[in-house]
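# Coordinates in review
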Amino acid sequence: MPATDSPAPAFPFTTTGCPMDPPAHATELREERPVTRVTLWDGSRPWLVTRHADIRQALRDPRLSSDVRRHGFPFLSAAQSEAIGESLITFIRMDPPEHTTQRRMLTQEFIVKRMEAMRSEIDTTVDALLDRMTAGGAPADLMEAFALPLPSLVICRMLGVPYEDHAYFQKRSQLVQDTTAAPQDVNTALGELAAYLDRLACEKAADPGDDLISRLVVEQQLPGRLSRHEVAGMALNLLIAGHETTANQIALGVLALQREPGQWAKLCERPELVPAAVEELLRHQSIVPSGLQRVAREDLEIGGTAVRAGEGVLLQIGAANRDPRAFEDPDLLDIERDARRHMAFGFGVHQCLGQPLARIELQSALAALVRRLPGLRVAKPLEELDFRHGGNIYGLFSLPVEW
């Protein structure tokens, strides 16, 4: 259908119902106007796409660009618009062939075989964190004691970043992800993180170790394929993406299982369902509230709607993962469901590079929790929990639990 003059609601949408579900407005649009205009903070009117099939099609289409430098790219806030500097323009925000070249430098670091080789070490880390949490007694904050330190420890080891500095980069990482933050504060945080990682890369050039940053320095920077600045930018993206996402997915997953009658008990009784449960939780609980951002390089059509070159496009993953055309009874959490067609990690050439690691971390965390703490329960009602609104990553600030 052609573009229309339908009202363009303000975006991102406000969650007014259950905080565990996509905003009601997104669900309504998916059924009534699956490709429609929305209005952003700066008055721009990109297209919002909410159906599963349409988003899969869009993410395969090379005419949609991830490059933030292109005119019309749909920034979600003033902070994001002004803070996207050279520090964050790595392969994540590039198109092929630039994207292909840089991503290939990291592909071997995240292949399934390499990640599986880390599983026992991740399992050991999980048990150590649970030992410490349970030794402190109930109640405990699952987010602070377990969900956040697990991926932080793992990504620090992979990158070669000292974990004792985690408070420094965690505070700045959360600020970078906050779309309500003042642009100057986000810029300062980004600059400090980039400078920190640049210093670390310099140290590794003089004394490389067995870690990802060292390999980037030795194999890519020193031969002249990447600049020092680009190595720091890659490390910065991986550091931010490597802990905020998985941490919030763990906490939301535990909460979702606790809220759905019988699902936690079933998983305790049948731990062999953990891999399927992880895929279902990735589908059911989206940590990317505003979806993926793109801009049209050329004229194209999405879901029968004409999108012109230079127009922004927002792909609402959370709504798509609850699309009844793709998943039967999609609002129901069912750990025996085949949820593998979810798009929690995106789709196409830009799908998440770290998804094999994220899956192993989630599986290890969930398997240990149901094995060691089958009596786990959330210590506060849903309405008293502190959810993270107004950021690029959705989740919880804390999750008090007892057992």
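Just so we're clear, the structure is a prediction, and the values are computed from it rather than from any experiment.

Let us look at the pattern of salt bridges. Under the defined criterion, the tally for this structure stands at 32 salt bridges. Residues Arg297 and Asp95 are paired through a salt bridge, measuring 3.4 Å at the closest nitrogen-oxygen approach. Pair noted here: Arg297 is in the loop between β5 (292-296) and β6 (300-302) and Asp95 is in the loop between α3 (78-83) and α4 (98-107), with a separation of 202 residues, a long-range link. Relative accessible area serves as the criterion here: at 33%, Arg297 is assigned to the partly exposed category. A salt bridge links Asp127 to Arg371, with the nearest nitrogen and oxygen atoms 3.0 Å apart.

This part takes up the nonpolar core. Membership of the largest hydrophobic core comes to 92 residues, with the highest contact counts inside it found for Phe146, Leu197, Ile213 and Leu399. Of all the elements, helix α17 (residues 355-372) adds the most residues to this core, at nine residues. Apart from residues lying up to four places away in sequence, Ile213 is in contact with Leu159, Val161, Leu197, Leu200, Ala201, Lys204, Val231 and Ala235. Residues Ala58, Leu300, Ile302 and Ile317 belong to the second largest nonpolar core, which totals 16 residues.

The next subject is the sheet that holds strand β12 (residues 400-402). Strands sit in the order β4-β12-β9 across an open sheet of three strands; the sheet is antiparallel. At either margin of the open sheet sits one strand with a lone partner, and together these are β4 (140-141) and β9 (377-378). Bridge analysis of β9 against β12 gives two bridges, and the strand direction is antiparallel. Its bridge partner being in β12, Val378 is matched across the sheet by Val401.

To continue, consider helix α10 (residues 183-206). Three or four residues apart is the spacing at which side chains of an α-helix point the same way, because the helix has 3.6 residues per turn. Its 24 residues place the ends of α10 35 Å apart at the C-alpha level, agreeing with the 34 Å of an ideal helix rising 1.5 Å per residue. Those residues of α10 that sit buried are Pro183, Val186, Ala189, Leu190, Leu193, Ala194, Tyr196, Leu197, Asp198, Leu200, Ala201 and Lys204.

Think of a sheet as strands paired side by side through backbone hydrogen bonds, with each pair either parallel or antiparallel. With respect to topology, five strands assemble into an open sheet ordered β1-β2-β8-β5-β3, the strand pairing being mixed. Edge strands, defined here as strands with exactly one partner in the open sheet, are β1 (35-37) and β3 (64-65). Pairing geometry for β3 and β5, over two bridges, is antiparallel. Across the sheet, the residue bridging to Ser65 is Val295, located in β5. Packing of helix α2 (residues 52-60) onto the sheet brings it into contact with β1, β2 (47-49), β3, β5 and β8 (312-315), and relative to β8 it is tilted by some 130 degrees.

Rules behind the numbers
Residues numbered from 1 in each chain as written. Predicted model: local features only at pLDDT ≥ 70, side-chain atom pairs only at ≥ 80, totals over all residues. Heavy atoms only, no water. Salt bridge = Lys/Arg side-chain N within 4 Å of Asp/Glu carboxyl O. Helix = DSSP H or I, 4+ residues; strand = E, 2+ residues; numbered from the N terminus. Buried < 20%, exposed > 50% of the residue type's maximum accessible area, 1.4 Å probe, protein only. Core = buried A, V, L, I, M, F, W, Y, C linked by side-chain atoms within 4.5 Å. Contact = heavy atoms within 4.5 Å. Pairing = 2+ DSSP bridges. Expected span 1.5 Å × (residues − 1). Axes fitted to C-alpha atoms, helices over the stretch in contact; angles between N-to-C directions.

Just distances and angles here, no functional claims.
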